[in-house]
Amino acid sequence: MGKVDWITWNTDSRDIINPDKTVEKILEIYQDYNSYIQSNIYEIIKKETQIGGIDKASINLYGESPAYEKAIKILNQIDEISLIMNNFINNIKSSTEEQKKLEKNDLIKAIEDKIAEEKKILDNTELLKSRISMSNQVVSIEEVEEIIKISHDKINRLQERLEIAKNI
């Protein structure tokens, strides 16, 4: 499984892997291949093995028909490729879904950690406000109140990000 070491609290939720889009793209490519193989090759060979050209009776040498046997082998290999591709697509889907869970959990944790950090800043700022006297020349109560307001806004925005991340 892929490593998830690039996610921070600031990661956009749209950057999380999307298994549906990944599988959709693979299916699109596979459908192009499959429609060509099925309609242009598979069906032609199958038809030839059933109604002429390379059926069992054609080019029969000592009771065997090498062309027919080769055609059946090709049809079986095409069927096998289809099975392999379906398993491949299913494996990609399950792998990308697992990767999405990892990325989602890391994003949630990163945002929760950032919220905890901002809450500490808020608590410390509120503690500072309670200790400031009116005669303080270094920082005013208004400035501290503005920092508290900004901290509340940051926490609210982070809470919104957290809800979005949880709903991925």
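Residues numbered from 1 in each chain as written. Predicted model: local features only at pLDDT ≥ 70, side-chain atom pairs only at ≥ 80, totals over all residues. Heavy atoms only, no water.

## Regarding the overall build of the chain
For step 1, the next point in the chain: For the chain, the count of helices and strands is 3 helices and 0 strands.
For step 2, the next point in the chain: Starting at the N terminus and walking to the C terminus, you meet the elements of the chain as α-α-α.
For step 3, the next point in the chain: In terms of C-alpha radius of gyration, the chain reaches 32 Å, well past the compact-globule figure of 15 Å for 168 residues.
For step 4, the next point in the chain: By its C-alpha atoms, the chain is 115 × 20 × 20 Å across when sized along the principal axes. (Helix = DSSP H or I, 4+ residues; strand = E, 2+ residues; numbered from the N terminus. Rg over C-alpha atoms; globule rule 2.2 N^0.38 Å.)

## With respect to the nonpolar core
For step 1, the next point in the chain: Core analysis: the largest hydrophobic core is formed by 10 residues, namely V4, I7, I16, L107, I108, I111, I115, L158, L162 and A165.
For step 2, the next point in the chain: Element by element, the count of residues in this core is highest for helix α2 (residues 66–131), at 4 residues.
For step 3, the next point in the chain: Excluding residues that lie within four positions of it along the chain, L162 makes contacts with I108, I111, E112 and I115. (Core = buried A, V, L, I, M, F, W, Y, C linked by side-chain atoms within 4.5 Å. Buried < 20%, exposed > 50% of the residue type's maximum accessible area, 1.4 Å probe, protein only. Contact = heavy atoms within 4.5 Å.)

## Quick notes on the side chain of T49
For step 1, the next point in the chain: Within the secondary structure layout, T49 lies in helix α1 (residues 19–51).
For step 2, the next point in the chain: Beyond its immediate stretch of four places on either side in the chain, T49 contacts I54, D55, Y68, A71, I72 and L75.

## With respect to the pattern of salt bridges
For step 1, the next point in the chain: Evaluation of the coordinates by the stated rule reveals 9 salt bridges.
For step 2, the next point in the chain: K109 is the partner of D113 in a salt bridge, and the nearest nitrogen-oxygen pair spans 3.0 Å. Here K109 and D113 lie together in helix α2, a separation of 4 residues that amounts to about one turn.
For step 3, the next point in the chain: D113 sits in the partly exposed class, given a relative accessible area of 42%. (Salt bridge = Lys/Arg side-chain N within 4 Å of Asp/Glu carboxyl O.)

## A few points about the packing of α1 against α2
For step 1, the next point in the chain: Relative orientation of the contacting elements α1 and α2 amounts to 170 degrees, with a least axis distance of 11 Å. One finds that α1 runs roughly antiparallel with respect to α2. (Axes fitted to C-alpha atoms, helices over the stretch in contact; angles between N-to-C directions. Parallel < 35°, antiparallel > 145°, perpendicular 65-115°, else oblique.)

## What to know about the environment of I121
For step 1, the next point in the chain: With respect to the helices and strands, the residue I121 is situated in helix α2.
For step 2, the next point in the chain: Here I121 falls in the partly exposed class, since its relative accessible area comes to 35%.
For step 3, the next point in the chain: For the pair formed by I121 and I111, sequence separation is 10 residues and the distance between their alpha carbons is 15 Å.

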